[in-house]
Amino acid sequence: MKIGDNLCNVIKNSAEKITSFNAKNTLNKIKNQLSSVENSNQIYTTVEKNTISILKEIELKNSSPHDIEYNTLLDKKCIESMIKINNACKNKNIPTIKQYRILLNNLEKEHKKKISQESEISKREILLEKKEKLFNKIKKTNEKLKEMINAHYQCFQEITKEIKNIDGKNIPEKINEYNKYKSEILDKINNYEIDNEDLKNLTELRQYVKKLQEHDNNLNKFIESTNNITHRYKHELDILSDRYLKLPDDVILNMLNYHIDKLKEMNLQIN
């Protein structure tokens, strides 16, 4: 052991060669170096400086770990080496060893706390990413639904024009009824649009993502129903555009009634 050597490395190297015969002498040399470390030309890292400061408190001042202000940036292996050296002494200092063990326990607690915090940050980042994807998806789905429902209304009006004799068929009332359900559905879509909330709390963020997921699932079901109606409208308009096939007014009226009933059903579905 030379004056000027990196003390943390000296302690770790000494612990590897420690025996009950050289332990006391090794410990005394370490204490001497701790006393004169300020006079050394050795350049220490922040972790090494923090560690040496702790060792001086315990070895030279017999300070209790509860009275020591310590940084979590410590050389754990160096502290473990001091326990090994102290344990190897024939007349071992039990209180000192106990202080080191308390210190290591505190470090372990801080380490677990840090891991937990990092895990929370990771979970939050995953949830934030999921939240953004769901929010953007819902936003696009809402716009698509509005377009489809408005397009359906145009199809409905086209079908009404195919009825030759409107007497006694309550066509204006049917158009008004259809328009009523259409307006209610569009209002619900607008009211259901969810704000992109900036949440800090992990629990609140998790609940918000769950809310988005449920809303997205409901919209998917609604989109499926709407797509089915789109296919039906397309099929009906293709039939009605066939100049060689003229459907009776009653058949066309049944088409209108079907779409009114279907829209009413969808209006209840979106609740």
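Scroll up to find the structure this text is about.
This one's a predicted model, so the numbers in the text were calculated from it and none came from an experiment. Each chain has its residues counted from 1, following the order in which its sequence is written. In keeping with the predicted nature of the model, local features appear solely for residues at pLDDT of at least 70, side-chain atom pairs appear and are counted solely at 80 or more, and the whole-chain, interface and lining totals rest on all residues. Water and hydrogen atoms play no part in the side-chain values, which are based on all heavy atoms of the structure.

A few points about the state of the cysteines
Convention followed: Whenever a pair of cysteine sulfur atoms sits within 2.5 Å, that pair is classed as a disulfide.
Here the structure, examined in full by the defined rule, presents zero disulfides. For C8, which is in no disulfide, the shortest distance to another cysteine sulfur is to C78 and amounts to 4.2 Å.

Section: the nonpolar core
Formally: As used in this record, nonpolar core signifies buried Ala, Val, Leu, Ile, Met, Phe, Trp, Tyr and Cys residues forming a set joined through side-chain atoms within 4.5 Å. Here the term buried applies to any residue with accessible area under 20% of the maximum for its type, exposed to any over 50%, and partly exposed to those in between, with areas from a 1.4 Å probe on protein chains only. By the criteria applied, helices consist of DSSP H or I runs no shorter than four residues and strands consist of E runs no shorter than two, each listed in order from the N terminus. By definition, residues are in contact when any of their heavy atoms lie within 4.5 Å.
F156, I159, Y178, I185, F222, Y233 and L256 are the most contacted members of the largest nonpolar core, which totals 39 residues. Contributions of two or more residues to this core are made by α5 (94–160), α6 (171–192), α7 (202–240) and α8 (249–269). Apart from residues lying up to four places away in sequence, Y233 is in contact with H152, C155, F156, I159, Y178 and H259.

Some words on the packing of helix α3 (residues 46–59) against α5
Counted only if it meets this: Think of each axis as a best-fit line through the C-alpha atoms, taken over the contacting stretch in the case of a helix, with angles from 0 to 180 degrees between the N-to-C directions. Note on convention: near helix rotated counterclockwise from far helix by under a right angle means a left-handed crossing. Clockwise means right-handed.
α5 packs onto α3 with a crossing angle of 145 degrees between their chain directions and a minimal axis gap of 10 Å. Remark: the crossing between α3 and α5 carries right-handed chirality. Taking contact as the criterion, the partners of I54, L55, I58 and E59 in α3 are, on α5, T96, Q99, Y100 and L103.

Overview of the layout of surface pockets
Just so we agree on the cut-off: The pocket and cavity definitions rest on a 1 Å grid over protein atoms only: a 1.4 Å probe that fits but cannot leave marks a cavity, an open set with protein on both sides within 12 Å along at least five of seven lines marks a pocket, and residues lining either have an atom within 4 Å of a point. Grid points are joined across faces, edges and corners, and a volume is the space filled by probe spheres set on the points. Three residue categories are used. Nonpolar comprises Ala, Val, Leu, Ile, Met, Phe, Trp, Tyr, Cys and Pro, charged comprises Asp, Glu, Lys and Arg, and polar comprises the others, including Gly.
Here the largest pocket defines a volume of roughly 230 Å³. What lines the largest pocket is T72, L73, L74, K76, L104, L107, E108, E110, H111 and K114. Looking at which element gives the most residues to the lining of the largest pocket, the answer is α5, with six residues. In terms of residue class, the lining of the largest pocket is built from four nonpolar, two polar and four charged.

Observations regarding helix α2 (residues 23–36)
Here is the rule: Under the convention used throughout, the expected extent of a helix is 1.5 Å for every residue step, that is, one less than its residue count. What the arc describes is the spread of directions from the helix axis to the C-beta atoms.
Spanning 14 residues, α2 covers 20 Å between terminal C-alpha atoms, matching the ideal 20 Å at 1.5 Å per step. Looking at α2, one finds that the buried residues are A23, T26, L27, I30, Q33 and L34. The buried residues of α2 occupy an angular sector of 120 degrees when the element is viewed end-on, so they sit on one face. The elements touched by buried residues of α2 are α1 (7–16), α3 and α4 (76–88).

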